[in-house]
Amino acid sequence: MALYGLNGFLIGWANAYDVVTGITSPAAVHPQWCAWPLSLTGWAAIPAIIGAAAGYVITEQIQAHHARELSDVLDELRRLAEPPASSGDGP
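About the cut-offs
- Residues numbered from 1 in each chain as written.
- Predicted model: local features only at pLDDT ≥ 70, side-chain atom pairs only at ≥ 80, totals over all residues.
- Heavy atoms only, no water.
- Helix = DSSP H or I, 4+ residues; strand = E, 2+ residues; numbered from the N terminus.
- Rg over C-alpha atoms; globule rule 2.2 N^0.38 Å.
- Buried < 20%, exposed > 50% of the residue type's maximum accessible area, 1.4 Å probe, protein only.
- Contact = heavy atoms within 4.5 Å.
- Axes fitted to C-alpha atoms, helices over the stretch in contact; angles between N-to-C directions.
- Parallel < 35°, antiparallel > 145°, perpendicular 65-115°, else oblique.
- Left-handed = near helix turned anticlockwise from the far one by under 90°.
- Nonpolar A, V, L, I, M, F, W, Y, C, P; charged D, E, K, R; others polar.
- Patch = residues over 30% accessible without salt bridge, like charges linked within 9 Å, V, L, I, M, F, W, Y side chains within 5 Å.
- Areas by Shrake-Rupley, 256 points an atom, 1.4 Å probe, with all protein chains shown as cover.
- Salt bridge = Lys/Arg side-chain N within 4 Å of Asp/Glu carboxyl O.
- Phe/Tyr/Trp six-rings, centres within 6.5 Å; stacked < 30°, edge-to-face > 60°.

Student: Explain the overall build of the chain residue by residue, including any values.
Tutor: Helix and strand counts for the chain come out as four helices and zero strands. Listing the helices and strands of the chain from first to last along the sequence gives α-α-α-α. For 91 residues, the compact-globule estimate of 2.2 N^0.38 gives 12 Å, and the C-alpha radius of gyration of the chain, at 29 Å, exceeds that figure by more than 25%. Buried positions account for 15% of the 91 residues belonging to the chain. Long-range contacts, defined here as pairs at least 24 residues apart, represent 27% of the contacts in the chain between residues at least 6 apart.

Structural data, given as structure tokens:
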């Protein structure tokens, strides 16, 4: 955040945004010495933020659909696999 603020004051806020998102090359702004670290940070941080958000959403969906314990499922399968009990009303 401090790096973005420094670049905002030195190269302009729009240019800082363009550099951090990869729209503009850091070689195209002046001074370049502060734009290069911002560009590298954006190059690493933007995919990490998107990946973290996607991972969070996927984890929440998995947990929402994981409602039953494995032992409960196995007990139900064993119960369903048992032969039906005879009623004793034979011919």
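Student: Explain the packing of helix α1 (residues 2–11) against helix α3 (residues 32–65) residue by residue, including any values.
Tutor: Where α1 meets α3, the closest approach of the two axes is 10 Å, and the angle between their N-to-C directions is 140°. By the criterion of interaxial angle, the relationship of α1 to α3 is oblique. The two elements α1 and α3 meet at a crossing, and its hand is left-handed. Residues Leu3, Tyr4, Leu6, Asn7, Leu10 and Ile11 of α1 form the contact with α3, whose participating residues are Trp33, Cys34, Ala35, Pro37, Leu38 and Thr41. A per-class count over the contact of α1 with α3 returns ten nonpolar, two polar and no charged.

Student: Can you explain a nonpolar patch on the surface? Please cite residues and give values.
Tutor: A cluster of nonpolar side chains, contributed by Leu6, Phe9, Leu10, Trp13 and Trp33, occupies part of the molecular surface with about 610 Å² of accessible area. Here the nonpolar patch takes three residues from α1, the largest share from any one element. Tracing the backbone shows Trp13 in helix α2 (residues 13–21).

Student: Which residues make up the packing of aromatic side chains, and what are the values?
Tutor: One pass over the structure, following the stated rule, counts two aromatic pairs. Look at Tyr4 and Trp13: their rings are 5.8 Å apart centre to centre, the planes differ by 50°, and that puts the pair in the tilted class. Ring geometry for Phe9 and Trp13: centres 5.3 Å apart, planes at 70°, overall edge-to-face. The structure contains a cluster of three or more aromatic residues connected by ring pairs, namely Tyr4, Phe9 and Trp13.

Student: Could you give an account of the side chain of Asn7, naming the residues involved and the relevant values?
Tutor: Within the secondary structure layout, Asn7 lies in helix α1. If sequence neighbours within four positions are ignored, Asn7 has contacts with Gly12, Ala16, Cys34, Ala35 and Leu38.

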